[in-house]
Amino acid sequence: MNVKYMYSLLAVIVLFLVSYVLAGTGTAFKVLFGIILPYAALLTFIIGFISRIMNWGRSAVPFRITTTCGQQKSLPWIKPNAIDNPFSKGAVVVRMFLEIVLFRSLFRNTRLKMKVGPKIYYQLEIFLWAGALAFHYAFLTVLLRHLRFFTEPVPLPVRLLETVDSFFRLEVLYDVSQFGLPGVYISGLVLLAAVIYLFLRRILIPNVKYISLAADFFPLFLIFGIAFTGILMRYVAKIDVIAAKELTMGLVTFHPTIPEGLASIFYVHVFFVSILLAYFPFSKLMHLGGIFFSPTRNMPADTRATRHINPWNYPVHVHTYEEYEDEFREKMIDAGLPVVKQPVEAPPEETEEKE
Amino acid sequence: MSDLLKPEELYKTDNRPPRTDWMDTPTEIRKGIACYAGNPKSLEYVGFPNARQWSCFDEDWQLPENWQEIIHEGFKERLEKFRSFKVFMDICVRCGACADKCHFFIGTGDPKNMPVLRAELLRSIYRNDFTKAGKILGRLGGARPMTLDVLREWWYYMFQCSECRRCSVFCPYGIDTAEITMMGRELLNLLGLNIDWVATPVANCYRTGNHLGIQPHAFKDMLEFFQEDIEEITGVLVEPQYNKVGADILFITPSGDVFADPGTYTCMGYMMLFHYLKEKYGFDVTWSTYASEGGNFGFFTSHEMMKRLNAKMYAEAKRLKVKWILGGECGHMWRVINQYMDTMNGPADFLEEPVSPITGTKFENAKSTKMVHIAEFTADLIKHGKLELDKSRNANLNVTFHDSCNPARGMGLLDEPRYVIQNVVDKFYEMPANTIREQTFCCGSGSGLNAGEDMELRMAGGLPRANAVKAVHESKGVNTLATICAIDRAALPDLMSYWVPEVEVYGVHEMVANALIMPGEKERDTDLRGEPLAGMEDADE
Ligand code: HEM
Ligand code: SF4
Ligand code: SF4
């Protein structure tokens, strides 16, 4: 049995316990989890992310290898599929936009069914698409909502997002000092549910389980941990939000402080986010940047109309026509094929043969 | 081939992976799946390294002393030269969307034939050798060191991928496992690990211009046979031109069509079409014995070899001073022409932007590469009413169309051949939607896997295609599988006789020629295959 996810689960549990216990022991560790690690993580993220992107950028793009997923532009009366077989840069932008915003390729997903017969069926399988979309949008929403902790005053769009995202909210007026009964944010719950779904499919679908690495479970557990501690703080532990914002604003303004009275669970939350940030550039999470660099998607399929330049194109040995004719000249002449050079010093016997 | 499993034995409905983790499941190289090693003479002829007599079934592969270093350095070089390779190594999230999209996985049930795992075979080494996370996390991060077992695994699975790109259509990031396979094969080739069905055609193409090693006079002989057949069937003598300096257009098609049935009928189709156009419109086209191979077996082994073979097309066009090049029905040949040729061997500034001399249509989409696909060319002729066609001569054919992988996913040539087919036959039916157009399934024998010794792999890999043909065979009575690829024409007849025995394989231009009313022809009573036409069954032999 493969228990690869156990390593990652264990790692996240250990990280949880360590940070929870240590954050309760005194200011020194609060400084570590609340100030030092977040800064370090953010720095790692930024430098790591940029260097990965630059590293990709350094590699050449020798050929235009667009995967075409629709009719090409050819004869004027044949309708091309402008998005899936993009002929212009603009069309590529549309294609990429739909990939990134709607996960369009994933929407094509099918599930194989093999029955006796032999008969093979392909069923539409939109769960991965829906789950991944829910996951990413929930994550994005949560991320944007958190801007409230890093801005003062909170910009209108962030406040609007909060309003849209929440329901059962009792107070109508936003007031930094008065939270009342907090609204329930849909995004947090969706994020949690989506992460659970992604985890379950990873252990329940045999093929997906087989291809999963221990490292594939780690971000799932970590994000689960982030969402879980977040929800805990908000609805159960009810931490002191004013203090939390004091800390986060301290970080943004480079006057970091450790306010009194913040529960340990808050430090765990921040620690988990720090780990995710630091882990990001070294992991598959870089698909965020990578999708923009994917040569099968980000180039127009117009190579026959516009020449693509390969920066390292080098001359190669080819078998020239002259070499070819030299080898086969007699046979070509015999067969009545035109030749460029007549045999120069043809021995007399051969000339006779050619009559 | 006698020990090939029966279809009911080969077909498995349960594709669940084994209990041991893939890194712990050793690779057993099996007969029927693996291809024979490349002939050292062929490798030497084109200057490939480490040529030697060896076999993948041997214990000792006689590798060069420093093979690990060669792989490492080769890997590094390719990461720098190909952004595709680097990005694809980095960003896969193992979501599994590609897993059941590969015909080889569907057919063999071997989990390492899931595109994602095929890529992981290389990715695991990449992580170990080139990433920090891999070095720190080791196996937890999916890294493992390069060993002999890994090398065997590479060999085995890089030659169970037909570079069809179906996986790339479904991947949310467009990860193209074909690209990874191409890199894997390049690396193997550095160690002299090649298969003979790639290595020998490569050497032949290099020397004689075509993959079967047909020498110039024999090439002409072959076409002369076809001339006789055509004359017998139609009463018209067609006269192809060879190596003609100053012709308007150079025609290049895969040599498979010159040599083996049923591709030969497609070749006869081209000859008849060109004759028709010459008689009616003064069309001036030449064949070349030097560039007598459209297909590019170099593509299946390295980018460099692809370039070396492809160079002949432009070189010959330049030498013959033609205006532009017309390309025949072929799959990977067209991926190379469409996505590589101009970049590798261009600019083709000695040619003119292609214009059909008959209709005046400008092929704007080919204005830089200056090579036009014959399906584009013929579709344009038909649209302009330039061909006199008698569909009834194809009345016995109940047709479906197999999109070849490369024209579909490396080009998007989907509606042109359909338009042509529908103008030359009456009965045309599409296979199920998930098996055609950009989602088409490979014949199972592409990218040099069309050998005899890996028949089990080919029949398994072709299963999804065959199954879709079977669906329309049963529901619509389809008896004809039309293709625009020479490898298809070589591979699909075997596949059909294995899974759907009542279906025959045709090239599109064979059907065109059946329908084409040649100037001065006699009343035809057979098709190009010598089979009686519909309603002519009682005619004299
Ligand atoms: C920019 C476009 C993006 C696309 C198209 C995309 C797409 C996907 C897809 C299809 C999955 C597969 C789900 C699975 O593994 O089962 C996935 C996983 C994931 N994505 Fe994204 N993603 C994008 C950006 C991001 C961003 C910005 C993040 C930031 C956190 C992110 C985080 C993740 C994580 C953590 C997973 C792992 C889920 C798992 O392991 O199962 N993605 N993404
Ligand atoms: S679909 Fe793409 S991201 Fe998903 S497992 Fe396959 S290659 Fe990886
Ligand atoms: S390119 Fe085709 S054969 Fe290769 S892994 Fe992808 S789907 Fe399979």
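Worth saying up front: this structure is predicted, and the values here are computed from it rather than measured.

1. With respect to the packing of aromatic side chains
Right, on to step 1. Tallied over the entire structure, the rule returns 54 aromatic pairs over all chains.
Right, on to step 2. With centroids separated by 5.3 Å and ring planes inclined at 65 degrees, the aromatic side chains of tyrosine 324 of chain A and phenylalanine 328 of chain A adopt a geometry described as edge-to-face. Note that tyrosine 324 of chain A and phenylalanine 328 of chain A are positioned in helix H13 (residues 321-334) at a spacing of four residues, about one turn of the helix.
Right, on to step 3. Pairing tyrosine 324 of chain A with tyrosine 290 of chain B gives two aromatic rings, centres 5.3 Å apart and planes at 65 degrees, and the pair type is edge-to-face. Of this pair, tyrosine 324 of chain A sits in helix H13 while tyrosine 290 of chain B is found in the loop between strand E2 (285-287) and helix H15 (303-319), placing the two residues in two different chains. Accessibility classification places tyrosine 324 of chain A together with tyrosine 290 of chain B in one group, the buried group.
Right, on to step 4. By way of ring pairs, the aromatic residues Phe63, Trp312 and Tyr314 of chain A together with Phe82, Trp197, Phe297, Phe299, Phe300 and Tyr340 of chain B are connected into one cluster.
Right, on to step 5. Between the NZ or CZ atom of arginine 166 of chain B and the centre of the ring of phenylalanine 441 of chain B, over which it lies, the distance is 3.7 Å.

2. Regarding the site of ligand 2
Right, on to step 1. The full set of residues close to ligand 2 is Cys92, Val93, Arg94, Cys95, Gly96, Ala97, Cys98, Val116, Cys171, Pro172, Tyr173 and Ile175 of chain B.
Right, on to step 2. The residue makeup of the shell around ligand 2, split by class, is 10 nonpolar, one polar and one charged.

3. Digging into the sheet that holds strand E1 (residues 249-252) of chain B
All names here are of chain B.
Right, on to step 1. Overall, parallel pairing links the four strands, which are arranged E2-E1-E3-E4 in an open sheet. Since the sheet does not close on itself, it has two edges, and those belong to E2 and strand E4 (371-373), each with one partner. For this sheet, the mean angle separating the axes of adjacent strands, direction not counted, is 30 degrees.
Right, on to step 2. Across the sheet, helix H17 (residues 374-383) touches E1, strand E3 (324-327) and E4, and the angle it forms with E4 is around 70 degrees.

4. Things to note about the packing of helix H1 (residues 4-23) of chain A against helix H2 (residues 27-58) of chain A
All names here are of chain A.
Right, on to step 1. Direction vectors running N to C along H1 and H2 enclose 130 degrees, while the axes themselves pass 8 Å from each other. For the element pair H1 / H2, the angle class is oblique. For the pair H1 and H2, contact is made by Ser19, Leu22 and Ala23 and by Phe29, Lys30 and Phe33, respectively.
Right, on to step 2. Residue composition of the contact of H1 with H2, by class: four nonpolar, one polar and one charged.

5. A word on the coordination of the iron atom of ligand 1
All names here are of chain A.
Right, on to step 1. Within the first shell, the iron atom of ligand 1 binds the protein through His136 (NE2) and His287 (NE2), at distances of 1.9 to 2.1 Å.
Right, on to step 2. Every donor counted, the six donor atoms about the iron atom of ligand 1 form angles of 88 to 180 degrees at the centre, which fits octahedral coordination. Taken together, the residues span a long stretch of sequence, with histidine 136 in helix H5 (residues 127-145) and histidine 287 in helix H12 (residues 287-290) at a distance of 151 residues.
Right, on to step 3. Taking the relative accessible area as the measure of exposure, histidine 136 reaches 30% and is therefore partly exposed.
Right, on to step 4. Histidine 287 gets classed as buried once you look at its relative accessible area, which sits at 13%.

6. Quick word on the domain arrangement of chain B
How big an interface is tends to be expressed through the accessible area that disappears when the partners come together.
Residues and elements named next belong to chain B.
Right, on to step 1. As assigned here, chain B comprises domain 1 (7-30 + 49-193) and domain 2 (203-515).
Right, on to step 2. Each of domain 1 and domain 2 has a C-alpha centre, and these two points are 31 Å apart.
Right, on to step 3. Contacts between domain 1 and domain 2 engage 27 residues on the former and 31 residues on the latter.
Right, on to step 4. Across the domain 1 to domain 2 interface the summed buried area is about 2600 Å²; carbon plus sulfur atoms make up 62%.

7. Focus on a nonpolar patch on the surface
Residue and element names in this part refer to chain A.
Right, on to step 1. Together, Leu42, Leu43, Ile46, Ile47, Ile50 and Met54 give the surface a local cluster of nonpolar side chains, amounting to about 570 Å² of exposed area.
Right, on to step 2. Topologically, leucine 43 is positioned in helix H2.
Right, on to step 3. Using a relative accessible area of 54% as the deciding quantity, one classes leucine 43 as exposed.

8. Let's talk about the interface of chain A and chain B
Right, on to step 1. Listed by partner, the interface residues are 97 residues for chain A and 122 residues for chain B.
Right, on to step 2. Here chain A packs against chain B, burying approximately 9300 Å² in sum over the two surfaces, 58% of which is carbon and sulfur.
Right, on to step 3. Summed over the shared surface of chain A and chain B, the result is seven salt bridges.
Right, on to step 4. Ionic pairing is found between glutamate 327 of chain A and arginine 207 of chain B, a salt bridge with its closest N-O pair at 2.5 Å.
Right, on to step 5. A per-class count over the side of chain A that touches chain B returns 48 nonpolar, 29 polar and 20 charged.

9. Overview of the site of ligand 3
Residues and elements named next belong to chain B.
Right, on to step 1. Not every one of the 13 residues close to ligand 3 is listed here, only the nearest: Cys102, Cys161, Cys164, Arg165 and Cys167.
Right, on to step 2. Listed by contribution, the elements that provide at least two residues to the shell around ligand 3 are helix H5 (103-108), helix H6 (115-130) and helix H10 (177-190).
Right, on to step 3. Across the shell around ligand 3, the residue classes break down as seven nonpolar, three polar and three charged.

10. Here's the deal with the layout of surface pockets
In this approach the atoms are scanned with a rolling probe the size of a water molecule, which exposes any empty space left behind.
Right, on to step 1. One number sums up the size of the second largest pocket: a volume of about 640 Å³.
Right, on to step 2. In terms of lining, the second largest pocket is formed by 30 residues, of which the most central are Arg52 of chain A together with Asp90, Tyr126, Phe130 and Thr131 of chain B.
Right, on to step 3. Counting residues per element, the ones that place at least two in the lining of the second largest pocket are H2 and helix H9 (214-236) of chain A together with helix H3 (67-81), helix H4 (83-91), H6 and helix H7 (132-137) of chain B.
Right, on to step 4. Its residues assigned to classes, the lining of the second largest pocket comprises 12 nonpolar, seven polar and 11 charged.

11. Section: the state of the cysteines
Right, on to step 1. Taken as a whole and judged by the stated rule, the model has zero disulfides over all chains.
Right, on to step 2. The cysteine cysteine 443 of chain B is free of any disulfide, with cysteine 442 of chain B supplying the nearest cysteine sulfur at 4.2 Å.

12. Section: the sheet that holds strand E5 (residues 398-401) of chain B
Two orientations exist for strands paired in a sheet by backbone hydrogen bonds: parallel and antiparallel.
All names here are of chain B.
Right, on to step 1. In space, the four strands of this open sheet follow the order E6-E5-E7-E8, with parallel pairing throughout. At either end of the open sheet lies a strand with only one pairing partner, and these are strand E6 (427-428) and strand E8 (504-507).
Right, on to step 2. Relative to strand E7 (residues 480-483), E5 is paired through three bridges, and the arrangement is parallel. Paired with threonine 400 across the two strands is leucine 481, which belongs to E7.
Right, on to step 3. Running over the sheet, helix H22 (residues 486-499) touches E7 and E8 and is turned about 165 degrees from E8.
Right, on to step 4. On the sheet, helix H23 (residues 508-515) packs against E5, E7 and E8 and is oriented at approximately 80 degrees with respect to E8.

Here is what the cut-offs are and how they apply
Residues numbered from 1 in each chain as written. Chains lettered and ligands numbered in written order. Predicted model: local features only at pLDDT ≥ 70, side-chain atom pairs only at ≥ 80, totals over all residues. Heavy atoms only, no water. Phe/Tyr/Trp six-rings, centres within 6.5 Å; stacked < 30°, edge-to-face > 60°. Helix = DSSP H or I, 4+ residues; strand = E, 2+ residues; numbered from the N terminus. Buried < 20%, exposed > 50% of the residue type's maximum accessible area, 1.4 Å probe, protein only. Lys NZ or Arg CZ within 6 Å of the ring centre and 35° of its normal. Near = heavy atom within 4 Å. Nonpolar A, V, L, I, M, F, W, Y, C, P; charged D, E, K, R; others polar. Pairing = 2+ DSSP bridges. Axes fitted to C-alpha atoms, helices over the stretch in contact; angles between N-to-C directions. Contact = heavy atoms within 4.5 Å. Parallel < 35°, antiparallel > 145°, perpendicular 65-115°, else oblique. Donors = N, O, S within 2.8 Å, 3.2 Å for Na, K, Ca; no water. Tetrahedral: all angles 85-135°; square planar, octahedral: opposite > 155°, others 65-115°. Domains from an automatic or database assignment. Buried area = accessible area lost by both parts, 1.4 Å probe. Patch = residues over 30% accessible without salt bridge, like charges linked within 9 Å, V, L, I, M, F, W, Y side chains within 5 Å. Areas by Shrake-Rupley, 256 points an atom, 1.4 Å probe, with all protein chains shown as cover. Salt bridge = Lys/Arg side-chain N within 4 Å of Asp/Glu carboxyl O. 1 Å grid on protein atoms, 1.4 Å probe; cavity = no way out; pocket = protein on both sides within 12 Å on 5 of 7 lines; lining within 4 Å. Points joined across faces, edges and corners; volume = space filled by probe spheres on them. Disulfide = S-S within 2.5 Å.

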